[in-house]
Amino acid sequence: MPEAALQPRPALVPPRPRPAVALLPAPLLLPFLRRNVLQTWGEPAYRERVVQRPFLGRQSVLLNDLGGVRRVLVDNHQNYGRTATTDRLLRPMIGEGLFLAEGDAWKRQRRLAAPSFAPRAMDIVAAETMRGMDRLLDGFAGKPQVAINLLSLVQNLTLDIAGRVLFSQTMAGFGPGLRRLIESYGRAHARPTPLDFMLPHGWSSLKDRQRERFARTWRDYIDTIIEARAATPPANPPRDLFDTLALARDAEGGGLSREEMRDQIATFIIAGHETTALTLFWSLYLLALDKDAQARVAGEAALLDDASPEAVLVERLPFTKAVVQEALRLYPVAFTIVREAKGPDEVAGVAIEKGALVVAAPWILHRHKAYWEEPHAFRPERFLPGAPPPERFAYLPFGAGPRVCIGAQFALIEATLVLARLVRACDVGLVGRRVVMPVGVVTIYPDKAPPFRLTPRGG
Ligand code: HEM
């Protein structure tokens, strides 16, 4: 991106893990895949078009070639499916929902889910986000919040908002239970073991059986929420995403079965709140380090009209939205998009074998020297209207092609409005100087939850 597009102010370069000194062979790589994948890529990965590194006897290709990314995610996407590892880690939580479904089952689900993410539904997202912020800020009662754990604050907030968007009822009853289950799955089961990488689709390890036991409790809990929701049917549907999903019909007039409904709800809860929470955490961390950018967000947010909470509000917050987009560039929560080749192919001049792992890594693409000026610097101006857009397929926080994130608008609207409302109300600062390192395992999360100070503005 040309330098002229960026404002001439010293750039904040937030901390990042040191790149690996060399390509690690698989046995040395495995522990890192459980600890921090971001440390496994060496400097060449940020310069080269294609990096090959055999992985446990399989061909494995990291693609920085944008035509290659396009071939895998768009032009020949039918040849590339989710990996056995992704399936193992996610199926216990999200079952046959949209994220893991393949082929015709996926097509049908995507059609049935589409109305839940249409513009009218996005107005519900905006309205629930604004209400969620009213409740949060009322709770602060104009007093400074010192040494608060901002990560858990935004996790609870996004879960509360997701719950209300889905069920138009408070998560107060179910929220803590949901978070406890999600966190306990994260702690006990979500880190991949060596067997998770080695076993093919359909094989089951002891760990998989433990995950399945956990899944029963999880499914029961989601069923309880659905039953509670069904006990209060709407007078004039649809009033939330639950109604939109329940009313959706496929070409034959069929809707989602009870199990499909449960898996879809679980998918939206899992895919839809932690990702946005982490994006908010990183945005706030960056703004705590860059007070000029924070002042600009506060100035823009001061003009926000709270009385018309619609999705269009976000378009009146171009700089705030650009902060979110830049945070998603530097800390793309979904930091790798991994596919398994169902058959042979040729991508970026490389012969791809059946079974090969093909990786487009937003973490690398977003910091690649060929595609970004000052790739490691925080420069929200890159995403302002009028700035040259990033090269196609070089910016993939939500993926691309038919399997692009269905909740991208949901997330952008929610994160932009939360950021605007929070920064308008409070100065966001860190308590002490804290270096927070990104850790990539399933998502990119902070190595520690640093204490923040929220000081009410103008009081
Ligand atoms: C900042 C927040 C978010 C990020 C960074 C994110 C990222 C992504 C990415 C990268 C993919 C594509 C994965 C691939 O191709 O392998 C994806 C898919 C998906 N996301 Fe999101 N997502 C976010 C928020 C949401 C929200 C709010 C929802 C729903 C409420 C959601 C639901 C889904 C679903 C269902 C899929 C699978 C779509 C399909 O396969 O057809 N996501 N997400």
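Refer to the preceding data block for the structure.
The text that follows walks through the structure, step by step, so that each part is easy to find. Note that the structure is predicted; figures quoted are calculated from it, not measured. (Residues numbered from 1 in each chain as written. Predicted model: local features only at pLDDT ≥ 70, side-chain atom pairs only at ≥ 80, totals over all residues.)

It is worth spelling out the sheet that holds strand E12 (residues 451–456) at this point. Hydrogen bonds between backbone atoms are what pair the strands of a sheet, whose relative direction is either parallel or antiparallel. Taking strand neighbours across the sheet as the criterion, the 3 strands line up as E4-E12-E9 in an open arrangement whose pairing is antiparallel. The two strands at the open ends of the sheet, each matched to only one other strand, are strand E4 (145–149) and strand E9 (426–430). Averaged over all adjacent pairs, the angle separating strand axes in this sheet is 30°, with direction ignored. Two elements, E4 and E12, share 3 bridges in a ladder whose sense is antiparallel. Paired with Asn149 across the two strands is Pro451, which belongs to E12. (Pairing = 2+ DSSP bridges. Helix = DSSP H or I, 4+ residues; strand = E, 2+ residues; numbered from the N terminus. Axes fitted to C-alpha atoms, helices over the stretch in contact; angles between N-to-C directions.)

Among the 10 residues of helix H2 (residues 66–75), 7 are classified as buried, and the element is accordingly described as predominantly covered. Three or more residues of H2 are buried, namely Leu66, Gly68, Val69, Arg70, Arg71, Val72 and Leu73. In this structure, the buried residues of H2 make contact with strand E1 (50–52), strand E2 (60–63), strand E3 (80–81), strand E5 (337–341), strand E6 (345–347) and strand E8 (357–360). (Buried ≥ 20, exposed ≤ 12 C-beta atoms within 10 Å, placed from the backbone. Contact = placed C-beta atoms within 7 Å.)

As a matter of local geometry, the ligand sits amid 22 residues, with Gly272, Thr275, Gly399, Cys405 and Gly407 nearest to it. With 7 residues, the top contributor of residues to the shell around the ligand is helix H11 (residues 258–289). Tallied by class, the residues present in the shell around the ligand amount to 13 nonpolar, 7 polar and 2 charged. (Near = placed C-beta within 6 Å. Nonpolar A, V, L, I, M, F, W, Y, C, P; charged D, E, K, R; others polar.)

These figures capture arrangement, not role.
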